[in-house]
Amino acid sequence: MTEQVDIPGKPTSASRTTLSHIMTSHDTNLLGTVHGGVIMKLVDDAAGAVAGRHSGGPAVTASMDEMAFLEPVRVGDLLHVKAQVNWTGRSSMEVGVRVMAERWNESTPATQVGSAYLVFAAVDADGRPRRVPPVVPETERDKRRYQEAQIRRTHRLARRQAIKELRERRAAEGYTD
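Just so it is clear, the structure is predicted and the values come from calculations on it, not from any experiment.

## Overview of the environment of leucine 30
Mapped onto the elements, leucine 30 comes out in the loop between β2 (17–22) and α1 (36–55). Accessibility expressed as a relative area gives 91% for leucine 30, which makes it exposed.

Encoded structure:
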């Protein structure tokens, strides 16, 4: 990764976005509700837009964790996928996503139907990691999300290390799985 001197930070609001999409019968599963994979793609699309905006260029999905489906989504629901950068590292960003749904023909408030956290890596034209601007939390909510993202990062790294050690130990014991 090429080194750059002090990249100025960007506020959380600079890259925040909402993607809205009306759910149709083409989006349904065998139960007649919207397929989780359709929602996951919209989540990834919104998060990718935010990561690209924040980093000022291409960013690829590195991981998705804690995708929670809280309520079923139905045909005719207007889905709002709200995303923002919660935390940044050297070349990675955690993007938080909240999925809201409302009936297309009603004036009732939208309800939260899902949430997810994704990690994106900013890449250059050759696919190598590149530096990203630090995110600057603006509100108390942004500051809380930043702190929670640091905890999730610590857990992801610890889990990755524990799995690596387990696999090395099993290989040393002669297991080839």
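There is more to say after this.
## Details of unusual backbone geometry
Here glutamate 66, not a glycine, exhibits a phi torsion of approximately 60 degrees, which is positive. If you trace the backbone, glutamate 66 turns up in strand β3 (residues 59–69).

## So, the nonpolar core
Among soluble globular proteins, nonpolar side chains are generally buried collectively. Within the largest apolar cluster, 26 residues are counted, with the highest numbers of intra-cluster contacts made by Val43, Leu79, Val95, Val97 and Val99. Elements with a minimum of two residues in this core: α1, β4 (77–88), β5 (92–103) and β6 (111–122). Here this core takes seven residues from α1, the largest share from any one element. If we skip the residues at most four places from it in the chain, leucine 79 touches Leu19, Ser20, His21, Met23, Ile39, Leu42, Val73, Val99, Met100, Ala101 and Val113.

## Quick word on the sheet that holds β4
Pairing in this open sheet of five strands is antiparallel, and the strands run β2-β4-β5-β6-β3 from one edge to the other. The sheet is open, and its two borders are formed by β2 and β3, each paired with just one other strand. Adjacent strand axes in the sheet meet at a mean angle of 25 degrees, parallel and antiparallel pairs treated alike. Strand direction decides the pairing type here: β3 and β6, joined by eight bridges, are antiparallel. Across the sheet, residue methionine 64 finds its bridge partner in β6, namely leucine 118.

## Points about the packing of aromatic side chains
Counted by the stated rule, this structure contains zero aromatic pairs. One cation-aromatic arrangement involves arginine 170 over tyrosine 175; the distance from NZ or CZ to the ring centre is 4.2 Å.

## Some details on the environment of aspartate 124
Structurally, the position occupied by aspartate 124 is in the loop between β6 and β7 (135–136). Residue aspartate 124 is classed as partly exposed on the basis of its relative accessible area of 25%. Along the primary structure aspartate 124 and glutamate 148 are separated by 24 residues, whereas in three dimensions their C-alpha atoms are 28 Å apart. One polar contact links the side chain of aspartate 124 to the main-chain amide nitrogen of aspartate 126, over a distance of 2.9 Å.

Definitions and cut-offs
Residues numbered from 1 in each chain as written. Predicted model: local features only at pLDDT ≥ 70, side-chain atom pairs only at ≥ 80, totals over all residues. Heavy atoms only, no water. Helix = DSSP H or I, 4+ residues; strand = E, 2+ residues; numbered from the N terminus. Buried < 20%, exposed > 50% of the residue type's maximum accessible area, 1.4 Å probe, protein only. Core = buried A, V, L, I, M, F, W, Y, C linked by side-chain atoms within 4.5 Å. Contact = heavy atoms within 4.5 Å. Pairing = 2+ DSSP bridges. Axes fitted to C-alpha atoms, helices over the stretch in contact; angles between N-to-C directions. Phe/Tyr/Trp six-rings, centres within 6.5 Å; stacked < 30°, edge-to-face > 60°. Lys NZ or Arg CZ within 6 Å of the ring centre and 35° of its normal. Polar contact = N/O pair within 3.5 Å; in protein donor to acceptor, adjacent residues only side chain to side chain.

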